[in-house]
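Here's the letter readout for the chains.
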Amino acid sequence: MKTALIFPPQWFPSQPYLALPTLKAYLEDKGCPVDQFDFNMDSYDTFLSRDYLEECLGKIRQRLNGPAWSLEEKEIKETYRQILSDEDYLESVLSEVEEAKDALRSEELFFQFPVYKRAFTTLKVAMKLISYAHFPSRLDMESFFMDGAPEENLKGILTATNDAVANPYLEFFEKRALPKVNWERYGLVGISIIHVGQVIPGLTLARLLRERHPHLHIVVGGSVFTRHADILNDKQILFEKFFHSIVLFEGEYPLECLVKAVRDGRPLDEVPNLVHLKDGAVVRNAKSESLPYDQLVRPSFDDLDLDKYLMPFPVLPYMSSRGCYWGKCTFCTHSHIYDSYYRKENEDRVAEELEWLGRRYHTKYFTFSDEAISPNAFRRMSDSILKRKLEMRALGMIKFETDNIESPDLFEKMKQAGFIMLFFGLESANDRVLSIIDKGCTQETERLVLEHSSLAGVWNHLYLFFGFPTEERDEAEDTVRFVVDNSEVGNRIIQSVGQSIFALEKDSAIFHNPKKFHIDRIVHRPDRDMAVVFDYEINKGMPAEEVFQVYENFENVIDENFPSAKIWKYLSREHFLLYLDHYGKETIEEMARAETALEV
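Everything numeric in this text was worked out from a predicted model, so none of it was measured. (Residues numbered from 1 in each chain as written. Predicted model: local features only at pLDDT ≥ 70, side-chain atom pairs only at ≥ 80, totals over all residues. Heavy atoms only, no water.)

### Section: the overall build of the chain
Stage number 1. Scanning the chain for helices and strands turns up 25 helices and 21 strands.
Stage number 2. Whereas a compact globule of 600 residues would reach a radius of gyration of roughly 25 Å, the chain reaches 24 Å, a difference of no more than 12%.
Stage number 3. Along the three orthogonal principal directions, the C-alpha set of the chain runs to about 60 × 60 × 55 Å.
Stage number 4. Counting all 600 residues of the chain, 58% fall into the buried class.
Stage number 5. In the chain, the share of contacts with a sequence separation of at least 24, taken over all contacts with a separation of at least 6, comes to 78%.
Stage number 6. Split by element, the accessible area of the chain, about 24,800 Å² in all, is 48% carbon and sulfur.
Stage number 7. Separation of charge centres in the chain, based on 71 positive and 99 negative side chains, amounts to 3 Å. (Helix = DSSP H or I, 4+ residues; strand = E, 2+ residues; numbered from the N terminus. Rg over C-alpha atoms; globule rule 2.2 N^0.38 Å. Buried < 20%, exposed > 50% of the residue type's maximum accessible area, 1.4 Å probe, protein only. Contact = heavy atoms within 4.5 Å. Areas by Shrake-Rupley, 256 points an atom, 1.4 Å probe, with all protein chains shown as cover. Lys, Arg positive; Asp, Glu negative; His and termini not counted. Charge placed at Lys NZ, Arg CZ, Asp CG, Glu CD.)

Rendered as structure tokens:
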């Protein structure tokens, strides 16, 4: 019996996601044949085409001529008229969309920033046109939203997965993706749903497969349904209409057991970490421990057309550890997803696998998907890479540790090994807020570590958020000042930054201990019983409106203090990795100055 593994829309189309290549490699090592399909990339290749955009214009004309039942529909009709009236502009988008994709796949054109910028803008406009055709849904190059967040409740899921107007993936699967595959070759289909933007597309796919190919066993895995494990008892309809089972936590060993049980016609009761329907009731099987790293298998990207991704070279995801070695940040949910079990790979084997993957898939570019790589692991990994004389360029996540551990020589060695870009979870630069987040560092530690990294020539990118419970305005301003003082026009130890607003996520420490963080009430609404982000009430710290104001103002801070944002704001992290390797930090800053001159 053969297994099909599918990554559904919607995700950025620059590289494969790691889940399927990891599962494929493991299952095939255990004698279970597997094909993997990236329907996410296939959807972009379809959507970003002249033929599909012309179909979208036909839908817009049809909706313009139809009745409008709400004020919102009446208002959008005026937008439809404006879109259809500018025929020259529409023709420019339709005629350039294929060229735009080709530009991002071309080494020669990709690195010409004016060409890249025009191509990226064309694709963004095309996605907006698709959104109007499926109004009120919104699609862009990173996300998919339907009106009312239907993924947060059963009724919404049942309606949205069958909505031919607002759900563009229904028609995509029915007419384009599913007919291209001979489903009779498979006995089991696994669908990986790793974030909320994939829930409706992924379950739309599951529903169609379930209806059209009843011989298939449909199983869903990924972080979203792992976090739903405690609310499935009354959701039998999901197992009746969409899938037969759910694999919780890490999938390798449970999926192996499931494949063999389905193949041999055995009951599912003995498959670990499985949720399924038995005698009309939702049951959860016994739990098994995640596998140690020495029992995992190097990922396989076979079956994936790497030339389809919007990149001139393959950029492959890779993990050297699972879970987080720190595992204490009170806002974070990653430890839960990995069942609070941190493991790492032998660093010599990491270098060996990177070398093998680079040769097989003709690339030197990697994005490390680890939640955070420890300084010692980075040091040993860099030693092994340098020992092999492996040519590699990579980005990775790192946590702030003491400056004597994250020393100048550590970052120099990492840069020599090919780690040219590092992502730091700053979160805040206020010591009180850092302490209640439990980051294990202070503002001074953050500054010294960034200084060490920047001196080694590494590009430092910071993640931060505003509005952690009890954070006051002056504490948020500490973070703003820290970024400004150390920005591109300041001390030059921060090269780029991305901000967000704090979100209270299910299964985080703060979610399970709200009183400790002065949260008066977490709002649980019946119509959001499948939500993973929750509203809450708090009487200490900035109100929500003020948090949003700080967040919005920070956009101006970035523009004023990071001239090179005129380059990196257009680029996904994978695209920027290539730009950084191609041009270097100084040339990127020069390019940004040229962009500024053009605007003037």
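### Remarks on the nonpolar core
Stage number 1. The biggest cluster of nonpolar side chains holds 185 residues, and the ones touching the most others in it are F39, W183, F243, F368 and F419.
Stage number 2. Here the element with the most residues in this core is helix α7 (residues 113–133); it accounts for ten residues.
Stage number 3. Those residues in contact with F243 that lie beyond four places of it in its chain are L203, R210, I218, V220, F225 and L238.
Stage number 4. Grouped together as the second largest cluster of nonpolar side chains are 14 residues, V433, I437, I519 and I522 included. (Core = buried A, V, L, I, M, F, W, Y, C linked by side-chain atoms within 4.5 Å.)

### A closer look at the sheet that holds strand β1 (residues 2–7)
Stage number 1. If you trace the seven strands from one edge of the open sheet to the other, you get β2-β1-β5-β6-β7-β8-β9, paired in mixed fashion. Edge positions in the open sheet fall to β2 (34–38) and β9 (281–284), since each of these has one partner strand only. Strand after strand, the sheet turns through a mean of 25 degrees between neighbouring axes, direction not considered.
Stage number 2. Strand direction decides the pairing type here: β1 and strand β5 (residues 186–192), joined by five bridges, are parallel. (Pairing = 2+ DSSP bridges. Axes fitted to C-alpha atoms, helices over the stretch in contact; angles between N-to-C directions.)

### Here's the deal with the pattern of salt bridges
In a structure, side chains of opposite charge can pair up when their charged atoms sit close to one another.
Stage number 1. All chains considered together, the criterion is met by 57 salt bridges.
Stage number 2. A salt bridge links K101 to D45; the shortest N-O distance between them is 3.1 Å. Of this pair, K101 sits in helix α5 (residues 87–105) while D45 sits in helix α2 (residues 39–47), placing them 56 residues apart in sequence.
Stage number 3. Given a relative accessible area of 22%, D45 falls into the partly exposed group.
Stage number 4. In this structure, the salt-bridge partner of K413 is D383, at a minimum N-O distance of 2.8 Å. In this pair, K413 is assigned in helix α17 (residues 408–417) and D383 in helix α16 (residues 375–387), connecting sequence segments 30 residues apart. (Salt bridge = Lys/Arg side-chain N within 4 Å of Asp/Glu carboxyl O.)

### Considerations on helix α25 (residues 585–599)
Stage number 1. With 15 residues, α25 extends 22 Å between its outermost C-alpha atoms, agreeing within 8% with the 21 Å of an ideal straight helix rising 1.5 Å per residue.
Stage number 2. Every buried residue of α25 is accounted for by K585, I588, E589, M591, A592 and E595. On an axial view of α25, the arc spanned by its buried residues comes to 155 degrees, and they lie on one face. Exposed positions of α25 whose direction lies more than 90 degrees from the buried face are E586, A597 and L598.
Stage number 3. Tucked into the core, α25 has its buried residues touching α7, α19 (443–455), β16 (459–466), α23 (565–568) and α24 (573–583). (Expected span 1.5 Å × (residues − 1). Arc of directions from axis to C-beta.)

### Let's talk about the packing of helix α3 (residues 50–65) against α5
Stage number 1. Where α3 contacts α5, the two axes come as close as 8 Å, and the packing angle between them is 150 degrees. Here α5 runs roughly antiparallel to α3, going by the angle between their axes. Within the contact between the two elements, α3 uses R50, L53, E54 and L57 and α5 uses L90, E91, V93, L94, S95, V97 and E98.
Stage number 2. Residues belonging to the contact of α3 with α5 are distributed by class as follows: six nonpolar, one polar and four charged. (Parallel < 35°, antiparallel > 145°, perpendicular 65-115°, else oblique. Nonpolar A, V, L, I, M, F, W, Y, C, P; charged D, E, K, R; others polar.)

### Here's the deal with the sheet that holds strand β10 (residues 315–318)
Stage number 1. Judged by pairing direction, the sheet is parallel, and its six strands sit side by side in the order β10-β13-β14-β15-β16-β17 without closing on themselves. Strands at the two margins of the open sheet, each flanked by one partner only, are β10 and β17 (496–501). On average, adjacent strands in this sheet sit at an angle of 20 degrees to one another, irrespective of strand direction.
Stage number 2. The pairing of β10 with strand β13 (residues 365–368) spans four bridges and is parallel. Paired with L316 across the two strands is F366, which belongs to β13.
Stage number 3. On the sheet, α19 packs against β15 (419–427) and β16 and is oriented at approximately 170 degrees with respect to β15.

### Some remarks on the packing of aromatic side chains
Stage number 1. Applying the stated criterion to the full structure yields 49 aromatic pairs.
Stage number 2. Both rings, one in F111 and one in F313, keep their centres 6.4 Å apart while their planes meet at 35 degrees; by these two values the pair is tilted. Of the two residues, F111 sits in the loop between α6 (107–110) and α7 while F313 sits in the loop between β9 and β10, which places them 202 residues apart along the sequence.
Stage number 3. When its relative accessible area of 5% is taken as the criterion, F111 is described as buried.
Stage number 4. Judged by centre distance (5.5 Å) and plane angle (70 degrees), the ring pair of Y318 and F368 falls under edge-to-face. Placement of the pair is Y318 in strand β10 and F368 in strand β13, with a sequence separation of 50 residues. Comparing Y318 with F368 shows no difference in burial state: the two are buried.
Stage number 5. Taken together, the aromatic side chains of F37, F39, F47, Y52, F144, Y169, F172, F173, W183 and Y186 make up a single cluster linked through ring pairs.
Stage number 6. A cation over an aromatic ring shows up here: R298 above the ring of W356, its NZ or CZ 3.6 Å from the ring centre. (Phe/Tyr/Trp six-rings, centres within 6.5 Å; stacked < 30°, edge-to-face > 60°. Lys NZ or Arg CZ within 6 Å of the ring centre and 35° of its normal.)

### Regarding the environment of I538
Stage number 1. By the secondary structure assignment, I538 is in strand β21 (residues 536–538).
Stage number 2. Since its relative accessible area comes to 23%, I538 is described here as partly exposed.
Stage number 3. Along the primary structure I538 and V275 are separated by 263 residues, whereas in three dimensions their C-alpha atoms are 36 Å apart.
Stage number 4. With residues near it in sequence (within four places) discarded, I538 still touches P469, T470, F517, H518, I519 and D520.

### Focus on the layout of surface pockets
Stage number 1. Approximately 450 Å³ is the volume attributed to the second largest pocket.
Stage number 2. Along its surface, the second largest pocket is lined by 22 residues, and I501, F502, D535, Y536 and A544 are the ones closest to its centre.
Stage number 3. Of all elements in the fold, only β20 (533–534), β21 and α22 (544–561) reach the threshold of two or more residues within the lining of the second largest pocket. (1 Å grid on protein atoms, 1.4 Å probe; cavity = no way out; pocket = protein on both sides within 12 Å on 5 of 7 lines; lining within 4 Å. Points joined across faces, edges and corners; volume = space filled by probe spheres on them.)

### Section: the side chain of E406
Stage number 1. Along the chain, E406 falls in the loop between β14 (393–398) and α17.
Stage number 2. Engagement of the side chain of E406 in a polar contact is seen with the backbone nitrogen of E401, the distance being 3.0 Å.
Stage number 3. Setting aside its immediate chain neighbours within four residues, E406 contacts P375, I398, K399, F400, E401, F411, V449 and H452. (Polar contact = N/O pair within 3.5 Å; in protein donor to acceptor, adjacent residues only side chain to side chain.)

What is shown is where atoms sit, not what they do.
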